[in-house]
Amino acid sequence: MKELYKIIKIKTIGNLVTKDLSGQLSFFESDKDIPFNIKRIYYITKVQANSKRGYHAHKKLKQLLFCPYGKIELYLEDDCDSQKVLLDDPSIGILLDHTVWREMRWIEDNSVLMVAASDYYDENDYIRDYDDFRKYIGK
Ligand code: T46
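Now for a description of the structure that goes with this document.

Parameters and conventions
- Residues numbered from 1 in each chain as written.
- Predicted model: local features only at pLDDT ≥ 70, side-chain atom pairs only at ≥ 80, totals over all residues.
- Heavy atoms only, no water.
- Helix = DSSP H or I, 4+ residues; strand = E, 2+ residues; numbered from the N terminus.
- Rg over C-alpha atoms; globule rule 2.2 N^0.38 Å.
- Buried < 20%, exposed > 50% of the residue type's maximum accessible area, 1.4 Å probe, protein only.
- Contact = heavy atoms within 4.5 Å.
- Areas by Shrake-Rupley, 256 points an atom, 1.4 Å probe, with all protein chains shown as cover.
- Polar contact = N/O pair within 3.5 Å; in protein donor to acceptor, adjacent residues only side chain to side chain.
- Core = buried A, V, L, I, M, F, W, Y, C linked by side-chain atoms within 4.5 Å.
- Pairing = 2+ DSSP bridges.

## Comments concerning the overall build of the protein chain
Inference 1: What the protein chain contains, in helices and strands, is one helix and twelve strands.
Inference 2: Traced from its N-terminal end to its C-terminal end, the protein chain shows the element sequence β-β-β-β-β-β-β-β-β-β-β-β-α.
Inference 3: By the compact-globule yardstick of 14 Å for 139 residues, the protein chain fits well, its C-alpha radius of gyration being 16 Å.
Inference 4: Overall size of the protein chain, expressed as C-alpha extent along the three principal axes, is 55 × 35 × 30 Å.
Inference 5: Put simply, the protein chain has 139 residues, and 37% of those count as buried.
Inference 6: Long-range contacts, defined here as pairs at least 24 residues apart, represent 77% of the contacts in the protein chain between residues at least 6 apart.
Inference 7: Here the protein chain displays about 8300 Å² of accessible surface, and carbon together with sulfur accounts for 50% of that area.

Here is the structure:
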């Protein structure tokens, strides 16, 4: 059975020189650390807590969602399963690689949602109506 989402551990290293509280650095590379070639990066900022976005699925697009700052809850649903996932760790990415309905809820003000995507923006790849999504996945 396919998984609703996959967790990708993003390589994260502390400051090796100073070994103090001067932060950490996270990185991933196309095709090596994530299973697609990145064609687009986008990020969502300046969102107030309790705001919701998303409410759509993609037909073909693969994406890695991660939260470098703050706390964001995802609601994910496919033909087999539905789950809530908390994004609150910059070293964790959520890979969505098939048709998954997604809703995002900001838990903390100004949390940042970043996304690496397998393709250029194409509105035709979106399914923005929930009933159309259910028909598309045969639910
Ligand atoms: C997704 C979730 C996690 C563009 O013109 N180019 C782009 O690359 C993107 C991503 C969006 N747009 C336009 C389309 C809309 O007119 O920006 C506007 C806002 O997009 P949308 O309402 O789809 O934003 P979200 O936050 O609901 O969804 C976004 C992504 O669109 C979507 O692919 O999976 O984040």
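## Quick word on the environment of Asp129
Inference 1: Within the secondary structure layout, Asp129 lies in the loop between β12 (126-127) and α1 (130-137).
Inference 2: Distance from Asp129 to Ala49, taken between C-alpha atoms, is 24 Å for residues 80 residues apart in sequence.
Inference 3: A distance of 3.1 Å separates a polar atom in the side chain of Asp129 from the backbone nitrogen of Asp131.
Inference 4: In this structure the side chain of Asp129 is engaged in a polar contact, spanning 3.0 Å, whose partner is the backbone nitrogen of Asp132.

## What about the nonpolar core?
Across soluble globular proteins, nonpolar side chains show a tendency to be buried alongside one another.
Inference 1: Residues Leu74, Leu76, Ile94 and Leu113 are the most contacted members of the largest nonpolar core, which totals 19 residues.
Inference 2: At the level of elements, β6 (63-69), β7 (72-77), β8 (82-87), β9 (92-96), β10 (101-106) and β11 (112-117) are the ones that each hand at least two residues to this core.
Inference 3: When sequence neighbours within four positions are dropped, the list of residues in contact with Ile94 reads Tyr5, Lys6, Ile7, Gln63, Leu64, Leu65, Leu74, Leu76, Val85 and Leu87.
Inference 4: Grouped together as the second largest cluster of nonpolar side chains are nine residues, Ile34, Phe36, Phe66 and Ala116 included.

## Points about α1
Inference 1: Regarding α1, its N-cap is Asp129, as a side-chain oxygen of that residue lies 3.1 Å from the backbone nitrogen of Asp131 further along.
Inference 2: Backbone geometry just after α1 places Gly138 at a positive phi near 70 degrees.

## A look at the sheet that holds β10
Inference 1: Spatial strand order, β8-β7-β10-β5-β12: five strands in an open sheet with antiparallel pairing. Each having just a single partner strand, β8 and β12 make up the two edges of the open sheet.
Inference 2: Pairing of β7 with β10, which is carried by six bridges, proceeds in the antiparallel orientation. Within β10, the residue paired with Glu73 across the bridge is Arg105.

## Quick look at the pairing of β6
Inference 1: Of all seven residues that make up β6, five are buried, and the element is covered over most of its length.
Inference 2: Pairing between β6 and β9: four bridges, direction antiparallel. Along β9, the bridge assignment pairs Leu64 with Leu95.
Inference 3: In the sheet, β6 pairs with β11 via five bridges, with the strands oriented antiparallel. What sits directly across from Leu65, in β11, is Val115.

## A few points about the side chain of Ser111
Inference 1: With respect to the secondary-structure elements, Ser111 resides in the loop between β10 and β11.
Inference 2: Only 2.8 Å separates the side chain of Ser111 from the backbone nitrogen of Lys71, close enough to count as a polar contact.
Inference 3: When neighbours within four sequence positions are excluded, Ser111 is seen to be in contact with Ile44, Tyr69, Gly70, Lys71, Ile72 and Trp106.

The quantities given are spatial measurements derived from coordinates; they are silent on function.
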